[in-house]
Amino acid sequence: MRELGVKPRPGWTSRLPQGLAAFVTNPKGMAGVIILLALVLFSVLGPVVSEYNPNRRAGKPHVMPGYEHVLGTTRMGKDVFTQLAYGGRVSLAVGFGAGLAAAAIGLAIGISAGYFGGRIDDILTFFVNVVLVLPGLPLIIVIATMVEQASPLVIGVVLALTGWGWAARTIRTQTLSLRTREFVLSAELMGEKKWRIILVEIFPNMLSFVMGGFVLGTIAAILAEAALEFIGLGDPNAVTWGTMLFWAQNNLALQSGAWWEIWPPCIAIMLTGAALVLVNFAVDEITNPQLKASRRIGRIRKFLQRRGRSADVF
């Protein structure tokens with residue numbers, strides 16, 4: 001087992017469900033979860049630790065990171081650490097909220113269209129096609145021009161309502177293939193209710209697609225919010241990672257050499273995206289049988305090569 005690179009499951013994971021135990025022992029998944037938890041804890045506890053107000057002056061302009069100001073101050077004298085923590089609350093809430101809403105809408109519509117078929121499929125597919133050609137960012141730009149500034153809540157709602165099309169189409173296609181499988185037909189012949197067939201028989205096979213849609217939706221929402229606020233279409237009075245970049249650009253932070261005003265929100269956005277991608281990789285490896293098989297075959301190949309034996313059978 002050791003030569004094949006297969007590690008025995010620790011004793012405490014044997015009490016967990018098989019899927020959860022596989023995720024806990026997956027290095028990519030746990031790395032992503034740790035990074036996300038660190039960002040969430042920082043956003044929740046950062047304002048508690050900091051004694052400054054994110055909207056008020058806390059010191060001299062463009063003070064370098066030091067003991068008094070861990071991440072320095074902006075040109076307006078605001079504490080960057082405090083703004084990063086408060087901004088994380090809003091940006092993460094918008095991203096996770098929009099991603100979760102888009103994934104839930106896409107899952108419900110995709111499974112319903114693929115499983116029930118007929119007229120229901122035609123109607124839901126029509127709405128999916130409409131959403132796919134409906135651009136989210138231009139729509140937010142139009143709304144921002146109408147209401148002067150689009151708040152983070154408005155941006156999140158619009159991204160949620162326009163970001164579920166691809167997830168719904170992918171899930172519908174997968175549901176069409178699962179609807180004719182033996183385990184689904186057996187459940188129907190046994191008289192199981194349709195909602196139970198969807199939740200118990202079909203939904204577990206959609207976990208990787210749902211997680212992929214959630215991850216992509218969350219990343220797209222965070223990036224879209226930051227981009228819109230960076231170009232000045234958001235609410236400049238709100239404290240988010242996007243507005244931090246907006247004010248850093250307006251205050252010529254790079255030209256002034258105040259790198260600490262630019263890099264913290266950029267790194268926070270990049271870490272959030274990287275953590276979500278790692279979680280998605282882990283879920284895909286656990287739920288995708290082909291990936292499981294390819295990883296095991298790769299281990300067997302290396303084992304045979306170390307023993308000097310041919311691995312051409314694979």
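Scroll up a little and you will see the structure.
If you're wondering where the values come from, they're calculated on a predicted model, not measured in any experiment. (Residues numbered from 1 in each chain as written. Predicted model: local features only at pLDDT ≥ 70, side-chain atom pairs only at ≥ 80, totals over all residues. Heavy atoms only, no water.)

Undergrad: Please give an account of the overall build of the protein chain that cites residues and values.
TA: Scanning the protein chain from terminus to terminus reveals 14 helices and 0 strands. Reading the protein chain from its N terminus to its C terminus gives the helix and strand order α-α-α-α-α-α-α-α-α-α-α-α-α-α. Considering the protein chain as a whole, with its 314 residues, one finds that 40% of them fall into the buried category. The contacts of the protein chain with a sequence gap of at least 6 include a subset with a gap of at least 24, amounting to 68%. Total accessible area on the protein chain is roughly 17700 Å²; 66% of this is exposed by carbon and sulfur atoms. (Helix = DSSP H or I, 4+ residues; strand = E, 2+ residues; numbered from the N terminus. Buried < 20%, exposed > 50% of the residue type's maximum accessible area, 1.4 Å probe, protein only. Contact = heavy atoms within 4.5 Å. Areas by Shrake-Rupley, 256 points an atom, 1.4 Å probe, with all protein chains shown as cover.)

Undergrad: How would you summarise the nonpolar core if you had to cite specific residues and measurements?
TA: Formed by 16 residues in total, the largest nonpolar core has its most connected members in Leu84, Leu92, Trp241, Met244, Ala253 and Ile269. For this core, the secondary structure elements donating two or more residues are helix H3 (80-116), helix H10 (207-230), helix H11 (241-250) and helix H13 (263-287). With 4 residues, H11 is the single largest residue contributor to this core. Residues within four places of Leu92 in sequence aside, it is in contact with Leu39, Val40, Ser43, Gly97, Ile222, Trp241 and Thr272. Grouped together as the second largest cluster of nonpolar side chains are 13 residues, Phe23, Val279, Ala282 and Val283 included. (Core = buried A, V, L, I, M, F, W, Y, C linked by side-chain atoms within 4.5 Å.)

Undergrad: Could you give an account of the environment of Ser186, naming the residues involved and the relevant values?
TA: By the secondary structure assignment, Ser186 is in helix H8 (residues 182-189). At 2.8 Å, the side chain of Ser186 and the backbone oxygen of Glu182 are in polar contact. (Polar contact = N/O pair within 3.5 Å; in protein donor to acceptor, adjacent residues only side chain to side chain.)

Undergrad: Describe the side chain of Glu225, with residues and values.
TA: Looking at the element boundaries, Glu225 is found in helix H10. For the buried Glu225, no salt bridge exists, and the shortest N-O distance to an oppositely charged side chain is 14 Å, to Arg89. When neighbours within four sequence positions are excluded, Glu225 is seen to be in contact with Val90, Ser91, Val94, Pro152, Ile155 and Thr240. (Lys, Arg positive; Asp, Glu negative; His and termini not counted. Salt bridge = Lys/Arg side-chain N within 4 Å of Asp/Glu carboxyl O.)

Undergrad: So what about helix H2 (residues 27-49)? Which residues, and what values?
TA: For H2, spanning 23 residues, the distance from its first C-alpha to its last is 31 Å, which sits close to the expected 33 Å at 1.5 Å a residue. At Ser43, H2 shows its strongest bend, of approximately 30°, with the proline Pro47 following within four residues. All buried positions along H2 are accounted for by Gly29, Gly32, Leu36, Leu39, Ser43, Gly46 and Pro47. (Expected span 1.5 Å × (residues − 1). Bend = angle between axes of the 7 residues up to and from the residue.)

Function cannot be read off these values alone, since they describe shape.
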